[in-house]
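Per-entry structural report
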There are 2 protein chains.
Amino acid sequence: MPRTTTRTTLAKRITSRGRRLTKQRVIVAQALAAERQAISAQELHQRLHHGHPRLGLATIYRALEAQVEAGMATRLERQGHVSAYVACVSEHHHHLVCTSCQRVEDVDETILRPVLRGIRDRHDFQVDHERLDFYGLCARCRREKAAL
Amino acid sequence: MPRTTTRTTLAKRITSRGRRLTKQRVIVAQALAAERQAISAQELHQRLHHGHPRLGLATIYRALEAQVEAGMATRLERQGHVSAYVACVSEHHHHLVCTSCQRVEDVDETILRPVLRGIRDRHDFQVDHERLDFYGLCARCRREKAAL
DNA sequence: AGGCTATTGAGAGTCGTTCTCGTAATGGGG
DNA sequence: CCCCATTACGAGAACGACTCTCAATAGCCT
């Protein structure tokens with residue numbers, strides 16, 4: 001029963017750190033996980049409004065924030081002062097954002113290790129956390145553009 | 001006459017792309033260049049208010065934006081939905097932000113080259129531009145903390 | 001089941017940023 | 001050097017994303 005397993009995992013993640021398992025949080029978590037691109041709280045609100053008309057915007061903000069705290073998602077700043085959220089598939093949180101289709105991929109962490117070492121050695125700087133977002137064209141969009 | 005040279009360079013940068021050379025833009029550009037750390041528009045406004053009481057906040061926003069367009073500065077997003085601006089010393093725009101003293105250093109660009117190559121090769125992704133901000137403790141603050 | 005407490009929904013409030021508009025200043029052309 | 005179209009400024013209003021408030025509701029533990 002893979003579905004049950006999935007739900008259990010989701011529930012466990014949501015309820016970590018003493019949080020309660022509410023319908024709203026499950027809805028938001030599932031919607032974000034289903035999304036394969038970065039999405040803002042407002043977009044999520046609009047998208048969920050059909051099936052869940054009473055789901056409030058503030059609740060979505062709170063649910064997304066809870067997911068970030070639980071390590072289930074990351075927030076990335078988009079141009080225009082709007083934050084967007086992405087569900088995390090893995091532990092590391094660096095992204096390739098396609099400027100054409102808005103899809104987001106995770107960056108292979110091992111690529112970054114030499115950079116962190118270089119910063120420590122060359123700049124004498126101790127990195128606690130970093131935000132690395134790369135913007136450009138993913139393979140699919142590049143092929144589509146080339147086909148035109 | 002190094003001062004004159006400096007002023008001329010500044011004026012040239014400001015007037016690039018058909019912009020006009022106004023007192024306000026010079027004031028803001030000099031203030032930002034003098035600043036060795038990231039600073040928000042509002043902070044700049046407060047700081048300049050003594051010497052220039054009539055300098056409006058909107059003007060500072062516009063001047064900073066013009067500097068970003070002219071390549072004289074970059075905007076980086078700070079936590080809490082406030083943007084901060086840093087004058088650019090060099091061409092590349094990646095930063096080491098000290099979370100203790102808020103000072104900003106530029107990252108040596110050569111460190112990043114392998115990462116861009118890795119992304120192109122491993123992820124089949126064409127990077128157009130990227131935002132790399134590293135947060136942590138600079139050498140000075142680390143020594144100060146160790147001395148306690 | 002029952003109660004303690006976290007969470008929700010709705011809207012008001014906050015705050016950074018941008019827009020508006022009347023006024024002032026800039027810089028190119030006579 | 002002065003005119004004048006055009007750009008920029010200042011002040012405050014407007015905007016928009018996000019957060020807070022508070023009464024009502026719903027999880028979770030025993």
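The structure we're discussing is the one just above.
Attention in this report is confined to the structure presented alongside it. (Residues numbered from 1 in each chain as written. Chains lettered and ligands numbered in written order. Predicted model: local features only at pLDDT ≥ 70, side-chain atom pairs only at ≥ 80, totals over all residues. Heavy atoms only, no water.)

**Considering the protein's contact with DNA strand C**
Contacts to DNA strand C come from 23 residues, most closely from Arg 25 and Thr 59 of chain A together with Arg 20, Tyr 61 and Ser 83 of chain B. A share of 72% is what sugar and phosphate atoms reach among the atoms of DNA strand C within 4 Å of the protein. Within the side chain of Arg 20 of chain A, an N or O atom sits 2.8 Å from a base oxygen of DNA strand C. At a separation of 2.4 Å, a phosphate oxygen of DNA strand C approaches a polar side-chain atom of Tyr 61 of chain B. Residue contributions to the surface near DNA strand C peak at 4 residues, all from helix 4 (residues 57-69) of chain B. Class assignment for the residues of the surface near DNA strand C results in 7 nonpolar, 8 polar and 8 charged. (Near = heavy atom within 4 Å. Polar contact = N/O pair within 3.5 Å; in protein donor to acceptor, adjacent residues only side chain to side chain. Helix = DSSP H or I, 4+ residues; strand = E, 2+ residues; numbered from the N terminus. Nonpolar A, V, L, I, M, F, W, Y, C, P; charged D, E, K, R; others polar.)

**Quick look at the protein's contact with DNA strand D**
Taken together, 22 residues surround DNA strand D, and among them Tyr 61 and Ser 83 of chain A together with Arg 20, Arg 25 and Thr 59 of chain B come closest. Sugar plus phosphate: this is where 72% of the atoms of DNA strand D within 4 Å of the protein reside. Between DNA strand D and Arg 20 of chain A there is a distance of 3.0 Å, counted from a base nitrogen to a side-chain nitrogen or oxygen. One nitrogen or oxygen atom from the side chain of Arg 25 of chain B is found 2.5 Å from a phosphate oxygen belonging to DNA strand D. Elements represented by at least two residues in the surface near DNA strand D include exactly helix 4 (57-69) and strand 3 (82-87) of chain A together with helix 2 (23-34) and helix 4 of chain B. Residue classes in the surface near DNA strand D are distributed as 6 nonpolar, 8 polar and 8 charged.

**With respect to the interface of chain B and chain A**
Every contact between the two is made by 38 residues of chain B and, on the other side, 38 residues of chain A. If you sort the residues of chain B by the area they bury against chain A, His 123, Phe 125 and Phe 134 of chain B come out on top, with a joint share of 19%. Remark: the boundary between chain B and chain A carries 2 salt bridges. Here Asp 124 of chain B makes a salt bridge to Arg 142 of chain A, at a shortest N to O gap of 2.7 Å. Remark: the boundary between chain B and chain A carries 8 residue pairs in polar contact (both at pLDDT 80 or more). Counting residues per element, the ones that place at least two in the side of chain B that touches chain A are strand 4 (95-98), strand 5 (104-106), helix 5 (113-123), strand 6 (126-137) and helix 6 (139-147) of chain B. Per-element tally for the side of chain B that touches chain A: the top contributor is strand 6 of chain B, with 12 residues. In terms of residue class, the side of chain B that touches chain A is built from 17 nonpolar, 9 polar and 12 charged. (Contact = heavy atoms within 4.5 Å. Buried area = accessible area lost by both parts, 1.4 Å probe. Salt bridge = Lys/Arg side-chain N within 4 Å of Asp/Glu carboxyl O.)

**Looking at the nonpolar core**
A general feature of soluble globular proteins is that nonpolar side chains tend to end up buried together. Of all hydrophobic cores here, the largest spans 28 residues; its most connected members are Cys 98, Val 115 and Phe 134 of chain A together with Cys 98, Val 115 and Phe 134 of chain B. Put simply, the parts of the chain that give this core at least two residues each are strand 4 (95-98), helix 5 (113-123) and strand 6 (126-137) of chain A together with strand 4, helix 5 and strand 6 of chain B. Not counting chain neighbours up to four residues away, the residues in contact with Cys 98 of chain B comprise Phe 125 of chain A together with Arg 103, Gly 136, Leu 137, Cys 138 and Cys 141 of chain B. (Core = buried A, V, L, I, M, F, W, Y, C linked by side-chain atoms within 4.5 Å. Buried < 20%, exposed > 50% of the residue type's maximum accessible area, 1.4 Å probe, protein only.)

**Description of the environment of Arg 17 of chain A**
Residues and elements named next belong to chain A. Structurally, Arg 17 is set in the loop between helix 1 (2-14) and helix 2 (23-34). Along the primary structure Arg 17 and Ala 70 are separated by 53 residues, whereas in three dimensions their C-alpha atoms are 7.8 Å apart. A distance of 3.2 Å separates polar atoms of two side chains, one belonging to Arg 17 and the other to Glu 69.

**Things to note about the pairing of strand 4 of chain B**
Residue and element names in this part refer to chain B. The two faces of strand 4 match: His 95 and Val 97 on one face and Leu 96 and Cys 98 on the other face are all buried. Where strand 4 meets strand 5, 3 bridges bridge the pair, whose relative direction is antiparallel. Looking across to strand 5, one finds that Leu 96 is bridged to Glu 105. Examined bridge by bridge, strand 4 and strand 6 share 4 bridges and lie parallel to one another. If you follow Leu 96 over to strand 6, its bridge partner there is Phe 134. (Pairing = 2+ DSSP bridges.)

**Structural notes on the relation of the copies chain B and chain A**
For the pair chain B and chain A, the relating rotation is 180°, the translation along its axis is 0.0 Å, and the fit reaches an RMSD of 0.2 Å. Taken together, the rotation angle and the small translation identify this as a two-fold axis. Ranked by how close their C-alpha atoms come to the rotation axis, the residues of chain B are headed by Leu 132 of chain B, at 2.3 Å. (Least-squares fit on C-alpha atoms with pLDDT ≥ 70 in both.)

**Overview of the packing of helix 3 (residues 41-49) of chain A against helix 4 of chain A**
Residues and elements named next belong to chain A. Contact geometry for helix 3 and helix 4: axes closest at 9 Å, N-to-C directions at 120°. Classified by the angle their axes make, helix 3 and helix 4 are oblique. Handedness of the helix 3/helix 4 crossing: right-handed. On the side of helix 3, the interface is formed by Ala 41, Gln 42, Leu 44, His 45 and Leu 48, while helix 4 contributes Leu 57, Ile 60, Tyr 61 and Leu 64. (Axes fitted to C-alpha atoms, helices over the stretch in contact; angles between N-to-C directions. Parallel < 35°, antiparallel > 145°, perpendicular 65-115°, else oblique. Left-handed = near helix turned anticlockwise from the far one by under 90°.)

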